[in-house]
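# Architecture and fold: a report
The chain contents come next:
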Amino acid sequence: MARRTSGPGRTLVAFFVSTAVLFGLVALAGSWTPQLGLDLQGGTSITLRAEGDPSEESLEEARKIIDDRVNGSGVAEAEVTTQGGQDIVVEVPGENRRDLLDTVQRTAQLRFRLVACSQVDGRCQSTTGLPEGVIPEAPSTDGPGGSTGGQQQGQQQGDQQLEQSEQPEGNNRPTVGFGVKTGGESGGETEQPTEQPAQQDGGNGNGNDKQGNKQGDVYEQCVTAAADDPLTDDPLQWIDQPTSECVAAFSQYQCPADGPASPMTDDPDAPLVTCDEDGVAYLLSPAMIEGTELADASAAIPQGEIAYVVQLSFDGGGTNTFAEISRSLFGTEKQFAIVLDGEVLSAPTMNGVIVDGNAQISGDFNEEGASSLATSLKFGALPIAFEDDPLTQVVGPTLAGDQLSAGLLAGGIGLGVVMLYCLLYYRGLGTVVIASLVVAGAITYGMVLLLSETAGFTLTLPGIAGLIVAVGITADSFIVLFERIRDEMRDGKSMRVAVESGWKRARNTAVAADAVSILAAVILYIFAAGVVKGFAFALGLTTIIDLVVFFFFTKPAVSWLARFPFFHSGHKLSGLNAETLGVDRAPAGGTA
């Protein structure tokens, strides 16, 4: 007794429902035309000029990192090349892509430092000089495995008086709470203002004018003194007793309205005086975690929230260090700072011990900003910096427009010839070939649209060639199945029995053939570069779609047609009559 198989009707219904879901997702994405590559529609060219005189090795390393950033998936078809000894040219499909400037220009040097002094918490100095609308209170970090981030925003709460702490012994270092009060009072030591700050400040009193050597020296003195300070090697202790020269540099500094956030070089082994985007100044310890210790970075919306954040995952060393930081800061009001390219992104406190190595950077992010920052962090920091205001221009397609039309025409002619041949040779069964090719084409187009929106896939002429080549691969699967069915019917089996027994033999052949094509596409994708990756991706995608259509549409469709007398009785137009099979009489009957 033959084993009862699942009904082909249910399989077809499930298949069409899944196809409808695919196009529903495409509708939600809101685009019904694929993104085209540089060769077909042109795009935006961004020319970055390196500062100074970079080495050839540094320029090539920067090119590779930028290429990873703009073309991380390998299917965006962006081109990144070096030009001369100073320029890197980035060409990206699509006009008006100035949104990529931050992604390609950002140095993306990420460091985690501890906060020794801050204008918002009154550590080391008064809150005089805070930007309008800032509350002197730090945000918090949830744990375990929680998030880091937050912005210190609100309304300034008047003049805040600082408590004086006892002076520590040795090293001429102030304790937390020591600082310069409003009106020039310095830690209660004297009520008479001195001329020294005015001389260092160059007469403007904001601590940012580096006239002469004295003002510039105050930051150099901080770095030099910190290098001689034995506590500098232990930032967790250093923040409680920061080097006095660094406190003096911090007390003078006010965040500029424009320009760099920090007057100092972002050296991971030295303290740093810098600001956040709200104009709040900080004195930070040497770095405890660097961006090289990141295992992954991604943009996401946490569960229960509505704003985008950048999620970070540290490697083993970074996880251990972050756990040490959270244990030391948990239960205190001490902050740690997430510093990107010398500017404080966020300076939260710890509300729990985080031991799983996961953190979040939160802020005023939209999807584009969070994704850009995550991409920059994920692929590493640039070894060189670039000049401001890079040259951005629109470039035309590298191929003439008639080549796209010619490629599509060639694909249409090839598809039409395959359909016509199958219809003439297989007759009634040829309709299954035509329907399967139409369905496969529709699913391929839907996947191209969906990947264009979600993965940045762009369609180039080599990619179109990969889609056309797959037409032949798809047709091969149908031919193998039909010939197996014919072989079974020549042995005297009815069509319904022949479909099932022939399927068992045909599917193994089809899977083996498609597996070879997929393997070739994967190898080509891994080792190729540029537009060849697009060809490999398109070839692999359509081969997988061929398998899906073959298993869940073609075979159920043939099983369903076998129930009709037109096919199982051997009608001369069915393609299964005695003459076509090469036998004296076609097998009769539609059941086993």
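Reading the values: the criteria
Residues numbered from 1 in each chain as written. Predicted model: local features only at pLDDT ≥ 70, side-chain atom pairs only at ≥ 80, totals over all residues. Heavy atoms only, no water. Disulfide = S-S within 2.5 Å. Helix = DSSP H or I, 4+ residues; strand = E, 2+ residues; numbered from the N terminus. Buried < 20%, exposed > 50% of the residue type's maximum accessible area, 1.4 Å probe, protein only. Salt bridge = Lys/Arg side-chain N within 4 Å of Asp/Glu carboxyl O. Pairing = 2+ DSSP bridges. Axes fitted to C-alpha atoms, helices over the stretch in contact; angles between N-to-C directions. Core = buried A, V, L, I, M, F, W, Y, C linked by side-chain atoms within 4.5 Å. Contact = heavy atoms within 4.5 Å. Left-handed = near helix turned anticlockwise from the far one by under 90°. Patch = residues over 30% accessible without salt bridge, like charges linked within 9 Å, V, L, I, M, F, W, Y side chains within 5 Å. Areas by Shrake-Rupley, 256 points an atom, 1.4 Å probe, with all protein chains shown as cover. Phe/Tyr/Trp six-rings, centres within 6.5 Å; stacked < 30°, edge-to-face > 60°. Lys NZ or Arg CZ within 6 Å of the ring centre and 35° of its normal. Lys, Arg positive; Asp, Glu negative; His and termini not counted. Charge placed at Lys NZ, Arg CZ, Asp CG, Glu CD. pLDDT = per-residue confidence, 0-100.

## A short note on the state of the cysteines
- Per the stated rule, a full pass over the model turns up 2 disulfides.
- Disulfide partner of C222: C246, at an S-S distance of 2.1 Å. Of note, the bridge from C222 to C246 carries an S-S torsion of about 95° and is right-handed in sense. In this pair, C222 is assigned in helix α6 (residues 214-228) and C246 in helix α8 (residues 244-252), connecting sequence segments 24 residues apart. Judged on exposure class, the residue C222 and its partner C246 are both buried.
- The disulfide partner of C255 is C275, and the S-S distance across this bridge is 1.9 Å. Residues C255 and C275 are joined through a disulfide that is left-handed, its torsion about the S-S bond being -100°. Of this pair, C255 sits in the loop between α8 and β6 (272-275) while C275 sits in strand β6, placing them 20 residues apart in sequence.

## Some remarks on the pattern of salt bridges
- The full count for this structure, using the stated rule, is 11 salt bridges.
- A salt bridge links D266 to R113, with the shortest nitrogen-to-oxygen separation between them at 2.8 Å. Taken together, the residues D266 in the loop between α8 and β6 and R113 in strand β4 (residues 110-118) connect sequence positions 153 residues apart.
- For D266, a relative accessible area of 18% corresponds to the buried category.
- Judged by relative accessible area, R113 falls into the buried class, the value being 0%.
- Of the charged contacts in the structure, one is a salt bridge between D487 and R490, with a shortest N-O distance of 2.8 Å. Residue D487 and its partner R490 are located together in helix α13 (residues 461-490), separated by 3 residues, close to a single helical turn.
- Residue classification places D487 among the partly exposed positions, given a relative accessible area of 30%.

## Examining the sheet that holds strand β2 (residues 79-83)
- Strands sit in the order β2-β3-β1-β15 across an open sheet of 4 strands; the sheet is antiparallel. Edge strands, defined here as strands with exactly one partner in the open sheet, are β2 and β15 (391-395). Shown here is a sheet whose adjacent strand axes are inclined to one another by a mean of 20°, direction ignored.
- With 7 bridges connecting them, strand β1 (residues 43-49) and strand β3 (residues 87-93) associate as antiparallel partners. Considered in β3, the bridge of R49 is made with D87.

## A few points about the nonpolar core
- Residues L110, F112, L283, L312, F322 and L377 are the most contacted members of the largest nonpolar core, which totals 56 residues.
- Of the residues forming this core, the biggest block, 6 residues, is contributed by β4.
- Filtering out sequence-adjacent residues up to four positions away, F112 remains in contact with A287, M288, I289, L312, F314, F322, F336, A337 and I338.
- By size, the runner-up hydrophobic cluster in this structure holds 26 residues, among which are Y426, A506, A562 and L581.

## Describing the packing of helix α1 (residues 8-29) against helix α12 (residues 430-454)
- Direction vectors running N to C along α1 and α12 enclose 35°, while the axes themselves pass 9 Å from each other. Handedness of the crossing formed by α1 with α12: left-handed. Residues F15, T19, L22, F23, L25, V26 and A29 of α1 pack against V439, A442, I443, G446, M447, L449, L450 and E453 of α12.

## Description of the sheet that holds strand β14 (residues 358-361)
- The antiparallel open sheet is built from 3 strands, whose spatial order is β9-β10-β14. Single-partner strands in this sheet number two, and they are β9 (294-300) and β14. Averaged over neighbouring strand pairs, the angle between their axes works out to 25° when direction is ignored.
- One ladder, built from 6 bridges, connects β9 with strand β10 (residues 309-314); its direction is antiparallel. Bridge pairing in β10 links S298 to Q311.
- The strands touched by helix α9 (residues 316-329) are β10 and β14; relative to β10, the strand with the most contacts, the crossing angle is about 105°.
- In this fold helix α10 (residues 367-378) packs onto β9, β10 and β14, with an angle of close to 170° to the strand it touches most, β9.

## Here we look at a nonpolar patch on the surface
- A cluster of nonpolar residues, V13, V17, V21, L25 and L28, forms a patch on the protein surface that exposes about 490 Å² of accessible area.
- You can see L28 is positioned in helix α1.

## Brief notes about the packing of aromatic side chains
- One pass over the full model with this rule turns up 19 aromatic pairs.
- Where F15 meets F553, the ring centres are 5.7 Å apart and the plane angle is 40°; that geometry is what we call tilted. Note that F15 is positioned in helix α1 and F553 in helix α15 (residues 531-561), a separation of 538 residues in sequence.
- A relative accessible area of 7% places F15 in the buried class.
- In this structure F553 comes out as buried when scored by relative accessible area, which is 7%.
- Aromatic rings pair up to connect F112, F314, F322 and F336 into one cluster.
- One cation-aromatic arrangement involves K533 over Y525; the distance from NZ or CZ to the ring centre is 4.4 Å.

## Observations regarding a negative patch on the surface
- There is a patch of like negative charges on the surface, built from E51, E387, D388 and D389.
- Within the secondary structure layout, E387 lies in the loop between α10 and β15.

## Considerations on the confidence of the model for the protein
- Averaged over the protein, the pLDDT score is 77; the fraction of residues at 70 or greater is 78%.
- Counting contacts from residues 126-130, a segment whose pLDDT is below 50, to residues more than four positions away or on other chains yields 18 contacts.
- Per-residue pLDDT stays below 50 along residues 133-213; that stretch engages in 185 contacts with residues further than four places along the chain or on separate chains.

## Here we look at the environment of D267
- Looking at the secondary structure, you find D267 in the loop between α8 and β6.
- Of the residues examined, D267 reaches a relative accessible area of 32% and is grouped as partly exposed.

## A word on the packing of α12 against α13
- For the pair α12 and α13, the least separation of the axes is 11 Å and the interaxial angle reads 145°. Once α12 is placed against α13, the crossing between them reads as right-handed. Of α13, the residues touching α12 (which contributes V432, V433, S436, L437 and T444) are L467, V471, T474, F478 and F482.

## Focus on the side chain of S477
- Mapping S477 onto the fold places it in helix α13.
- Accessibility expressed as a relative area gives 4% for S477, which makes it buried.
- In this structure, S477 is in contact with A510, D514, D546 and F550, ignoring residues within four places of it in sequence.

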